[in-house]
Structures are given as C-alpha cells and as structure tokens.
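Secondary and tertiary structure notes
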Amino acid sequence: MNPVIKILTIIAFAAAPTLCMADEKEQPQPVTTKQERNFIREGNKLYREKRFADAEVQYRKALEQVPHSEIAQFNLAASLIRQSGSADPNSGNNPMSTATNLLQQIASESTDAYLAGKSFYNLGNIAFNSQDYGKSIELYKNALRKNPDDDKARENLRLAQLKQREQEQNKDNNQNQNQDKQQNQDQNDKDKNQNQDNKDQNQQNQDQDKKDQDQQQNQQNQDQNKDKQQQQQQGGISDANAEKILKAMENEEAATRKRVDAEKKKAETARRKKITNPW
C-alpha cells in the first residue's frame, strides 16, 4: 500500500471511535437522561462492530430524548462519515454533508474544549481527504488551540503542511509547463506566419516575373508587327532587308570575279610552260 494512503487511512476520522466509546460520565452534558445514555451505549457497541447504519439509528434515538446532546451529535456525525464512502461531499443527500454541519456546530458552540477540539480535528480530516490542505491546516490549528496535547492533530498538521508545499510545487511546475507550452505555441505560430509571409512574397515575385515576361513578349510582338507593317507599306522589303540583300549580292559577285581571275591565271601559266619546254 502506498505510504501516504496508509497514513490517510489511519488518520481519517480517527477521533470518531474514541468519542463513540466515550462514557457519558467522562463527557458530562447539561441535560441527560437514562434513555439517552442507553441509546448512546448501544450505538457505540454497534459502531465498534462496524454496523454504522445501525449505530446511526441509536444516536438519532438518543437525540430524540435530548436534542442538544453533543455526544450523540458527535457520534452521529462519526457514523455518517463512515457511511459516506466516495459520495460527493457537496451533495445535499450525502451523509458527509450532514456530518460536517454537525461537527461545525459543535466546534463553534460547544463549551466542552475537548469535544470542540475533536470536532475541529475531524473537520480537518475531511478537508485533508478533499486535498484542501490550507483549510485542513487551519482546522488542525484550531483543534490544537482547544486541546494543546492532541498529538494526532499535531501530526496531521505537519502532514497537511507537507502536502500543501507539494501541491504548491506541483502547481508551480504545471504553470511553468503551461508557460513553456504557450511560448512554444507562440513561436510555432510566429514561424507559421513567417513561412506564410515568405510563401506569399515568393508568389508575388513569381507573379511579377510572369508579368514582366508577358510585357516583354507583348513588346516583341508589337515590334514585329510594326516591322511587318513597315514592310508592307514599302512594297514588302524594308531598307534594312534591302541592304542585306544588296550586300549579299556584292559578296557573291566578288567571289565569282575572284574565281574567274584565278582560272585565267592558271590557264596562262600552263600556256607559257608549253612554249618554254617543247617536247
């Protein structure tokens, strides 16, 4: 068993069995009757046998005899607590709710310091088991103010203080983790936005390049159309084209003249050779 759970099992409502078995002579009441005392004794017997529902019946009968019997009220609260189990303590039908009201009444109104101290003690246990450690610390302190020698209240006070520190440390750790998580999320969002901005900028650049290319192509088309129109207006040949054609013809004529001169020179050379060296 987990050590903490084991401790909680031991301390939870530990005061209840002691007071349930208390003799009415040890805890005198302003008003008491024989029937009330008998019902309390029978309830205590059933409580020790862990027949908590039957003990509840006996304590309620004692209260019918003496409605303000603090021992009957306290022991009734103890029997209700034992029956509460895991029920919601905030529910109006939960025995824990009735038990808490009874203990709060005794703690605030009783002139019996011992009984008031034990009521604070059990209220502290209820708060401790609900993990409301700050509240349980104050209730244990009130129990010690009523009963300074209550070692169980002192022990539980130390345990509640320890659990409160652990709870605060866990809370701080969770806050730090949440902050780190939020920072990471913010950075991811920032990176995502930056990537989107870059993507948008790239798209804008691509669109601008395409627009420039389209403009260049349009300009070339316009220039070609303009040249074509000029050619048509000048009889189909522009000055530039006419000059090119003329130059080509001159080059071809020069090449032809050079070739004819070379052939004539070759023929003259052959004729002189025959005259100078007859066979």
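Below, the structure is looked at part by part. (Residues numbered from 1 in each chain as written. Predicted model: local features only at pLDDT ≥ 70, side-chain atom pairs only at ≥ 80, totals over all residues. Heavy atoms only, no water.)

**Remarks on the overall build of the protein**
The secondary structure content of the protein amounts to 10 helices and zero strands. Ordering the α and β elements of the protein from the N terminus gives α-α-α-α-α-α-α-α-α-α. In the protein, which comprises 279 residues, the proportion classed as buried is 29%. Counting contacts in the protein only where the partners sit at least 6 residues apart, residues at least 24 apart contribute 56% of the total. (Helix = DSSP H or I, 4+ residues; strand = E, 2+ residues; numbered from the N terminus. Buried < 20%, exposed > 50% of the residue type's maximum accessible area, 1.4 Å probe, protein only. Contact = heavy atoms within 4.5 Å.)

**Here's the deal with unusual backbone geometry**
At lysine 50, a position not held by glycine, the phi torsion is positive, near 65°. Its place among the elements puts lysine 50 in the loop between α3 (34–48) and α4 (52–65). For lysine 50, a relative accessible area of 65% puts it in the exposed group.

**Some thoughts on the environment of glutamate 155**
Assignment of secondary structure puts glutamate 155 in helix α9 (residues 151–233). In the structure, glutamate 155 is positioned 15 residues away from tyrosine 140 in sequence and 9.3 Å away in space, judged by C-alpha atoms.

**Some points on the pattern of salt bridges**
Counted according to the given criterion, the structure contains eight salt bridges. Two residues, lysine 45 and glutamate 49, come together in a salt bridge whose shortest N-O distance is 3.0 Å. On the basis of relative accessibility, which here comes to 38%, the residue lysine 45 falls in the partly exposed class. A salt bridge links arginine 154 to aspartate 151; the shortest N-O distance between them is 3.2 Å. One end of the pair is arginine 154 and the other is aspartate 151, both in helix α9 and three residues apart, which spans about a single turn. When its relative accessible area of 27% is taken as the criterion, arginine 154 is described as partly exposed. When its relative accessible area of 54% is taken as the criterion, aspartate 151 is described as exposed. (Salt bridge = Lys/Arg side-chain N within 4 Å of Asp/Glu carboxyl O.)

**Focus on the packing of α3 against α4**
Relative orientation and spacing of two packed helices are given, respectively, by the angle between their axes and the distance between those axes. At a minimum axis distance of 8 Å, the contact between α3 and α4 shows a crossing angle of 170°. Classified by the interaxial angle, the pair formed by α3 and α4 is roughly antiparallel. Seen along the crossing, α3 lies across α4 with a hand that is left-handed. Side by side, α3 and α4 meet where Gln35, Glu36, Phe39, Ile40, Glu42, Gly43, Asn44, Leu46 and Tyr47 of the first sit next to Phe52, Asp54, Ala55, Gln58, Tyr59, Lys61, Ala62 and Gln65 of the second. For the contact of α3 with α4, the class distribution of residues is eight nonpolar, five polar and four charged. (Axes fitted to C-alpha atoms, helices over the stretch in contact; angles between N-to-C directions. Parallel < 35°, antiparallel > 145°, perpendicular 65-115°, else oblique. Left-handed = near helix turned anticlockwise from the far one by under 90°. Nonpolar A, V, L, I, M, F, W, Y, C, P; charged D, E, K, R; others polar.)

Such coordinate-based values are descriptive only and should not be taken to indicate function.
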